Each structure stands twice: as C-alpha cells, then as structure tokens.
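A structural walkthrough
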Amino acid sequence: MTADSAPTLTVGGSDAELSKHLDKALTAFSEAATGTAYGDSFSVKVTDEAGELVGGLTAWTWGGLCGISMLWVREDSRKDGWGSRILHAAEAEAVRRGCDRVAVSSFTFQAPGFYQRHGYVETGRMLGIPDGHEDVHMFKRLTA
C-alpha cells in the first residue's frame, strides 16, 4: 500500500465472492489454531412421487461436532413424521462421519420443542431476536 492509497470500506448486499474468501481464510485460521481439519457439509432430502421437496436438512461437521444449519418440512407433511426421520438420518450420518455430538439453534416460534423431544438440551438463548422471540441453542451427545 502506498502513502497516497488507503483501504476502501464498502457496505453492500450479499457478496458470494467475499463469503467464499472469508470461509477459506477462517477455515485455514481455525485449522491452524486447533490442528483439526474441517469436515464437510452434508444434506438429507425427501421428495414426493412428483419430485417435489417434502423436507430437508443441511449440516456441517468439524472436530467431532455436527452442526445442523437448517431443517424444514413442508407444511402438509409435518404430521407425517418426516422431521423425525430426517433428523435421525442426519444424526446417523454424523456418527458415520465420526461425530459424537450435535448442535442446533431454533427460534422460539419454530421448533425447539421438537429438538427437545429428540434428546436435545438447551445450552443458551439469544434474547429478543426477532421482536421478543428468542434463538434457542441446543446440544445432544450422540452414541454409535
């Protein structure tokens, strides 16, 4: 950097290139700091006979932990047990990938009770997000 140039701060919308760069840089930093290589992402997906999405889950693994990013089931299929089947499939895949624990967060207006019924325990809450709701953080130990 020369004396007549200075870094530029930019605020904007979504930036896929920036996200990719930050992910790569933070992964390298975390791996160097911990000596533990990052795992990988995985998904579980259910489709109906027409090929339409019934539900799914995305997750990641690192250092023996599985982190559930998102789990969703189509409204007309929520009473059919798909959420439980998707969650159980993800937990089994996490164990297969060497994980012994799993973490997830769910807003109070979403499904914290669903996870608690599946053995997850609350570890903390982010209060007031959004507007009086809370983001409930949960954890579960997995067994082979």
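Coordinates for the structure precede this section.
Residues numbered from 1 in each chain as written. Predicted model: local features only at pLDDT ≥ 70, side-chain atom pairs only at ≥ 80, totals over all residues. Heavy atoms only, no water.

**Topic: the packing of aromatic side chains**
To describe a pair of aromatic rings, you give the distance between the ring centres and the angle between the ring planes. Summed over all chains, the structure comprises four aromatic pairs. On the numbers, 4.5 Å between centres and 25° between planes, the contact of Tyr38 with Trp62 is stacked. One end of the pair, Tyr38, is in strand E1 (residues 38-47); the other, Trp62, is in strand E2 (residues 53-62), with 24 residues separating them in the sequence. Their ring planes at 75° and their centres at 5.1 Å tell us that Phe114 and Tyr115 sit as a pair that is edge-to-face. By relative accessible area, Tyr115 is classed as buried at 5%. Here a set of aromatic residues connected by ring pairs shows up, and it is made of Phe114, Tyr115 and Tyr120. The ring of Trp82 has Arg85 sitting right over it, with the charged end atom 3.9 Å from the ring centre. (Phe/Tyr/Trp six-rings, centres within 6.5 Å; stacked < 30°, edge-to-face > 60°. Helix = DSSP H or I, 4+ residues; strand = E, 2+ residues; numbered from the N terminus. Buried < 20%, exposed > 50% of the residue type's maximum accessible area, 1.4 Å probe, protein only. Lys NZ or Arg CZ within 6 Å of the ring centre and 35° of its normal.)

**Some thoughts on the nonpolar core**
Core analysis: the largest hydrophobic core is formed by 22 residues, its most contacted members being Phe42, Leu57, Cys66, Ile68, Tyr115 and Tyr120. Sorting the residues of this core by element identifies E1, E2, strand E3 (65-73), helix H2 (82-96), strand E4 (101-107), helix H3 (112-117) and strand E6 (134-141) as the ones contributing at least two each. When residues in this core are grouped by element, the largest group, four residues, is from H2. (Core = buried A, V, L, I, M, F, W, Y, C linked by side-chain atoms within 4.5 Å.)

**Overview of the pairing of E4**
Every second residue of E4 is oriented toward a common face, the buried set being Val102, Val104 and Ser106 and the non-buried set Arg101, Ala103, Ser105 and Phe107. Across three bridges, the pairing between E3 and E4 is parallel. Among the inter-strand pairings, Gly67 is bridged to a residue of E4, identified as Ala103. In this fold, the crossover linking E3 to E4 by way of H2 has right-handed handedness. Summarising the sheet, E4 and E6 pair through seven bridges and their orientation is antiparallel. If you follow Val102 over to E6, its bridge partner there is Lys140. (Pairing = 2+ DSSP bridges. Right-handed = clockwise from strand over helix to strand, strands pointing away.)

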